[in-house]
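# Structure assessment
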Amino acid sequence: MSRCGPSPFIFPSQAEVFHQRLASLATLFQPKGRSYVYPKATIDDCWEKVLLNQFHDVLPGSAIGMVYDDAEQLYSEVCKDCQALLEEAFGVLLSGSVSLLGDVPSSQPFDLVAVNTTPFPRRDVIKIPVSAVSQSLIPQPVQTSADGKHAYVLLQAQENEMIARPTVLSADYMPASVYTNSSDHFVLRNQNMQLTISQGRITSLYDVQLGRELLPKGSTGGLVIFEDRPNYWDAWDVEIHHLETPTCLEFSGVHVIAEGPLRASVQTQVKYGKSTIDVTISLDAFNATTKDNSRPLFVFDAEVDWHERHKFLKFELPLAINNTVATYESQFGWVQRPTHKNTTIDVAKFGVCSHKYTNLSKYGYGVAFLSESKYGFVCEGNVLHISLLRAATGPDAEQDQGESIILYSRLGMAYMCSFLESDVPMAAYVFNSPLHLRAVPQATAASPLVSKLPFWLEGSSNVFLETIKCGEDDDFGVNGTTKTVVLRLYEAFGGHGHVELRVAQDVPVVNAYTTNLLEDHKSELALAQGTNRDFILKLDFRGFEVKTVKLVLAGGKSDSLTAVKRDSWVTVGEDQ
């Protein structure tokens, strides 16, 4: 987006995650026979606001200033409405629960839990402001920040578990730590990775397990700023020659704010011109995912007071990895673009839009950037860049001016394999789906309405269950006569996959169909029953294939699915 501000503004990708998680939670309650009504009208209203602001001039910052005033207002409304609906859904999932930062009643004891909206196993270190919550909610022992204002709590959820619960650092993990031998030399380290900041720059990224240095000798990483003066269209164009005008920025005033064992963090500041950038760099004791050979995230939080013109702020990292292509995520898969300039066609591909991750790897090793709200990437040779802020003056003279908050991340991972067998897509998925903290009465904490996802996959790990929602043609009322569940799955790596889609026995499925994206049915699927009396649907996938499966629940009208398809001005070929 072009403008950022201190108001409750959320980015397009965050708004998409809001809707996806809200739809999933609301759908899970439908088979339970509760009086909870799927909030279809509000979800649709919010979604239409998000889509309106994904117009091609709004997203890249090439619209006039009034557009962004409207966009900020609409996104604020989306944030408010989605938060209210999520709060209602959490109240159904965990009876009597309240937001951790709300007013927790003192009339009964409460426990701390979190809602996991992904199907993946995860371990998350959560930062909690001590002054905002009751001390009885914070499990012991706990790590506190250097100033005593925050507590760090470890929560864990197993695969397909919806509730993450507090746990402790096991003996299998070495604590995260930070140490210094001077005012300008700091080292963040856990049992797998080590990052060194010296004289204001990142001078080393070291794989402890493999004994491998990932930065080329003599190179440094960190924030860098470029001149940004396109030949013709200010906010529309980014010229390749801007990469020839780098000015490396240096961290200053580095100091430790968390010393481990769960999280080690340093805080630093960068000043340039009239702008100030406060950066927090954190390393947790755990890897990005639970997969073997995963590596941890180094998370960078930046709070920027930006007052530049015709400047381009980026984060760069040179790597001791060489490949002719880098990999960039798209909506349901990825694309590859050259890292060289052998031809004019290669030159024209210097900048790439990417969703949640960008990866540079070769056989046996890879490094990826993860992001929740930044989409511009460049890989020039062996140097990865992520774009953070611009300062064009037309058509919006105030583009990106003022305060903004940026969360970006870098993830180093080692494998005796390639990116295609890595956990990068899984790590990016989890990174973009934070846990939702709740205070739950101890009497009900052990019995949530739904403890495990009733839909899960067994088989190929390259197939993801991406969406759980109610059917668009359902009757959205307590006594609705048509109730369906729509599941959207996709193959994430570009290969073949075979999975069994499992449906829990307490979901009253009577029919299953594959459909197109409009949810018009294509063919009926055979329902088998497993040893645990759960339902099984067998599905095969081609590379990057998207499949939509519609489940008709008992009491619904399965014959309504055989209605004539909607008229459309475009015809998509069906599988033969």
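Residues numbered from 1 in each chain as written. Predicted model: local features only at pLDDT ≥ 70, side-chain atom pairs only at ≥ 80, totals over all residues. Heavy atoms only, no water.

- The chain is annotated in an unreviewed UniProt entry as Unplaced genomic scaffold PAXINscaffold_72, whole genome shotgun sequence of Paxillus involutus ATCC 200175.

## A short note on the packing of helix H2 (residues 40-52) against helix H3 (residues 65-93)
- It is at 10 Å that the axes of H2 and H3 come closest, and there the two elements cross at 150 degrees. Here H2 is positioned roughly antiparallel relative to H3, judged by the angle of their axes. Pair H2 / H3 crosses with left-handed handedness. Here H2 contributes Thr42, Ile43, Cys46, Lys49, Val50 and Leu52 to the contact with H3, which in turn contributes Leu74, Tyr75, Glu77, Val78, Asp81, Cys82 and Leu85. (Axes fitted to C-alpha atoms, helices over the stretch in contact; angles between N-to-C directions. Helix = DSSP H or I, 4+ residues; strand = E, 2+ residues; numbered from the N terminus. Parallel < 35°, antiparallel > 145°, perpendicular 65-115°, else oblique. Left-handed = near helix turned anticlockwise from the far one by under 90°. Contact = heavy atoms within 4.5 Å.)

## A few points about the sheet that holds strand E10 (residues 201-207)
- Taken in spatial order, the five strands make up an open sheet running E7-E8-E9-E10-E11, and their pairing is antiparallel. Two strands bound the open sheet, and with one partner strand each, they are strand E7 (177-182) and strand E11 (212-213).
- Two elements, strand E8 (residues 185-189) and strand E9 (residues 193-198), share five bridges in a ladder whose sense is antiparallel. Following the sheet pairing, His185 is matched in E9 by Ser198. (Pairing = 2+ DSSP bridges.)

## Thoughts on the pattern of salt bridges
- Within the structure shown, the criterion is met by 22 salt bridges.
- For Lys469, the salt bridge goes to Glu519, with nearest N and O atoms at 2.6 Å. Taken as a pair, Lys469 in strand E29 (residues 463-470) and Glu519 in the loop between strand E32 (509-515) and strand E33 (521-524) lie far apart in primary sequence, 50 residues in all.
- One salt-bridge network, held together by shared partners, links Lys40, Asp44, Lys469, Glu472 and Glu519. (Salt bridge = Lys/Arg side-chain N within 4 Å of Asp/Glu carboxyl O.)

## Comments concerning the sheet that holds strand E34 (residues 528-529)
- Pairing within the open sheet is antiparallel, and its four strands lie in the order E28-E31-E35-E34. Since the sheet does not close on itself, it has two edges, and those belong to strand E28 (455-459) and E34, each with one partner.
- Taken together, the five bridges between E28 and strand E31 (residues 497-503) define a ladder with antiparallel strand orientation. If you follow Trp456 over to E31, its bridge partner there is Arg502.

## Regarding the pairing of strand E30 (residues 484-491)
- Judged by how many residues are buried, E30 sits mostly within the fold: eight of eight residues are covered.
- Because side chains alternate across E30, one face comprises the buried residues Thr484, Val486, Arg488 and Tyr490, and the other comprises Val485, Leu487, Leu489 and Glu491, equally buried.
- Sheet topology note: the E29/E30 ladder contains seven bridges and is antiparallel. Bridge assignment links Thr467 to a residue of E30, and that residue is Arg488. (Buried < 20%, exposed > 50% of the residue type's maximum accessible area, 1.4 Å probe, protein only.)

## Focus on the side chain of Ser76
- The residue Ser76 is located in helix H3 in this model.
- Of the polar contacts made by the side chain of Ser76, one reaches the backbone oxygen of Glu72; its length is 2.8 Å. (Polar contact = N/O pair within 3.5 Å; in protein donor to acceptor, adjacent residues only side chain to side chain.)

## Digging into the packing of aromatic side chains
- Tallying each qualifying case throughout the model produces 14 aromatic pairs.
- Measuring from ring centre to ring centre gives 5.4 Å for Phe120 and Tyr429, while their planes differ by 80 degrees; the resulting arrangement is edge-to-face. Taken together, the residues span a long stretch of sequence, with Phe120 in the loop between strand E2 (110-115) and strand E3 (122-129) and Tyr429 in helix H5 (residues 424-431) at a distance of 309 residues.
- By relative accessible area, which is 10% here, Phe120 ends up buried. (Phe/Tyr/Trp six-rings, centres within 6.5 Å; stacked < 30°, edge-to-face > 60°.)

## Some points on H5
- When you tally the buried positions in H5, you get eight out of eight residues, the bulk of the element.
- Listing the buried residues of H5 in full gives Val424, Pro425, Met426, Ala427, Ala428, Tyr429, Val430 and Phe431.

## Some words on unusual backbone geometry
- Cis geometry is found at the peptide bond from Gly260 to Pro261, where omega equals 10 degrees.
- With respect to the element layout, Pro261 can be found in the loop between strand E14 (252-259) and strand E15 (263-272).
- In this structure, the amide linkage connecting Gly394 to the following residue, Pro395, adopts the cis form with an omega of 10 degrees.
- Assignment of secondary structure puts Pro395 in the loop between strand E25 (383-390) and strand E26 (402-414).
- The backbone of Asn160 sits at a positive phi, close to 70 degrees, despite the residue not being glycine.
- A relative accessible area of 10% means that Asn160 is categorised as buried.
- Phi at Arg533 takes a positive value of approximately 65 degrees, unusual for a residue other than glycine.
- Summarising the element assignment, Arg533 is placed in the loop between E34 and strand E35 (535-541).

## Things to note about the side chain of Arg488
- Within the secondary structure, Arg488 is located in strand E30.
- The side chain of Arg488 sits in the buried core without any salt bridge; Glu519 is the nearest counter-charge, 4.6 Å away.
- One polar contact links Arg488 to Thr548, side chain to side chain, over a distance of 3.1 Å.
- Once you skip the residues sitting within four places of it in the chain, Arg488 turns out to touch Phe332, Phe464, Leu465, Glu466, Thr467, Leu517, Val546, Lys547 and Thr548. (Lys, Arg positive; Asp, Glu negative; His and termini not counted.)

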